[in-house]
Every structure is written in C-alpha cells, then in structure tokens.
Amino acid sequence: MLKPLGDRMVVQLIKEEEKTVGGFVLAGTSQDKTQKARVAAVGEGIRTLSGDLVAPSIAQGDTVLLESHAGTPVKDGDKDYLIVREADILAVVQD
C-alpha cells in the first residue's frame with residue numbers, strides 16, 4: 001500500500017452509474033462534476049512555520065467529494081488510486 005507524505009491522501013474513486021428514466025446508462029466521462037472517493041491512506045499532516053504538526057481532518061475510510069480533475073493518478077498493483085492534497089477535498093460525505 002502507498003504511504004502518502006505530508007498533507008497528501010491516497011483515495012480510490014467510487015464509480016457511479018447514472019441511468020436515465022428509460023434505463024439507459026450514461027457514461028461517467030460525459031459529465032464534468034465532482035467525484036466520490038474512499039480514502040485509503042492519510043499522511044501525517046503538515047508542519048507550521050514554528051514546526052508544530054497539524055493533523056489532517058480527514059481519516060482513512062472516509063468517503064469524500066473531489067473536483068473532477070483533482071489529484072495525480074497512480075497504480076499500485078492492479079488498483080488505481082489518486083493522490084490528492086487535503087485542500088483538494090471539497091467535503092466529507094456523511095452517510
């Protein structure tokens with residue numbers, strides 16, 4: 001598993017299908033919107049100018065919303081992930 005550094009996080013996108021009223025499945029790439037992802041790993045946080053460590057407010061296992069083109073795609077084994085900064089996360093999804 002990947003271990004992110006600083007305020008970075010490793011997330012795995014959650015693929016969602018959208019269907020029309022008639023039952024047709026729309027391609028996910030045809031729409032430019034936010035993406036849902038599950039946090040797989042979290043870095044230790046970021047240091048302030050005085051050297052204090054500020055822990056991230058996102059935890060491993062959280063479901064989050066990202067902008068459509070946020071992050072750097074990486075592959076670990078046969079799984080695809082994105083590495084994002086905490087600032088790239090728009091919201092935590094509360095179920």
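About the thresholds
- Residues numbered from 1 in each chain as written.
- Predicted model: local features only at pLDDT ≥ 70, side-chain atom pairs only at ≥ 80, totals over all residues.
- Heavy atoms only, no water.
- UniProt positions renumbered as here; feature names shortened; annotations may be inferred.
- Pairing = 2+ DSSP bridges.
- Helix = DSSP H or I, 4+ residues; strand = E, 2+ residues; numbered from the N terminus.
- Contact = heavy atoms within 4.5 Å.
- Axes fitted to C-alpha atoms, helices over the stretch in contact; angles between N-to-C directions.
- Core = buried A, V, L, I, M, F, W, Y, C linked by side-chain atoms within 4.5 Å.
- Buried < 20%, exposed > 50% of the residue type's maximum accessible area, 1.4 Å probe, protein only.

The chain is annotated in an unreviewed UniProt entry as Co-chaperonin GroES from Streptococcus ratti. UniProt annotates the chain under Subunit (unreviewed entry) with the comment "Heptamer of 7 subunits arranged in a ring. Interacts with the chaperonin GroEL." Quoted verbatim from the Sequence similarities (unreviewed entry) field of the UniProt record, the comment on the chain reads "Belongs to the GroES chaperonin family."

S.K.: Help me out: how do you make sense of the pairing of strand 9 (residues 79-85) in this one?
M.R.: Within a regular strand, the side chains alternate between the two sheet faces. Across 4 bridges, the pairing between strand 1 (residues 8-13) and strand 9 is antiparallel. Of the residues in strand 9, the one forming a bridge with Met9 is Val84. One ladder, built from 5 bridges, connects strand 8 (residues 72-76) with strand 9; its direction is antiparallel. Its bridge partner lying in strand 9, Thr72 is registered against Ile83. A loop of 2 residues connects strand 8 with strand 9, the two strands running antiparallel in sequence, and Gly77 in this loop sits at a positive phi of about 70°.

S.K.: Is there a simple way to explain the side chain of Gln35 in this structure?
M.R.: Following the sequence through the fold, Gln35 ends up in strand 4 (residues 35-42). Beyond its immediate stretch of four places on either side in the chain, Gln35 contacts Leu13, Val64, Leu65, Leu66, Glu67, Ser68 and His69.

S.K.: Is there a simple way to explain the sheet that holds strand 10 (residues 89-92) in this structure?
M.R.: Taking strand neighbours across the sheet as the criterion, the 6 strands line up as 8-9-1-4-7-10 in an open arrangement whose pairing is antiparallel. Single-partner strands in this sheet number two, and they are strand 8 and strand 10. Neighbour to neighbour, the strand axes of the sheet diverge by 45° on average, direction disregarded.

S.K.: Please clarify how the nonpolar core should be interpreted in this entry.
M.R.: Nonpolar side chains in soluble globular proteins tend to end up buried together. In this structure, Met9, Val11, Ala37, Val39, Ile58, Val64, Leu66, Ala70, Leu82, Val84 and Ile89 together form the largest nonpolar core, which totals 11 residues. Looking at this core, the elements that each hand over two or more residues are strand 1, strand 4, strand 7 (63-66) and strand 9. Not counting residues up to four positions away in its chain, the partners in contact with Val84 are Asp7, Arg8, Met9, Val11, Leu66, Ala70, Gly71 and Ile89.

S.K.: Help me understand the pairing of strand 1, please; the structure alone is not making it clear to me.
M.R.: Relative to strand 4, strand 1 runs antiparallel, the two sharing 5 bridges. Counted as the bridge partner of Met9 is Val42 from strand 4.

S.K.: Would you mind going over the environment of Val93 with me for this structure?
M.R.: Relative to the helices and strands, Val93 is located in the segment after strand 10. A C-alpha to C-alpha distance of 5.4 Å links Val93 and Thr63, two positions 30 residues apart in sequence. For Val93, the contacting residues outside a window of four places in its chain are Lys36, Thr63, Val64 and Leu65.

S.K.: Looking at this structure, how should I read the environment of Ile14?
M.R.: Considering the arrangement of structural elements, one finds Ile14 in the loop between strand 1 and strand 2 (18-19). When the C-alpha positions of Ile14 and Thr63 are compared, they lie 9.0 Å apart, and in sequence the two are 49 residues distant. Ignoring any residue separated from it by four or fewer positions in sequence, one finds Ile14 in contact with Lys36, Ala37, Arg38 and Thr63.

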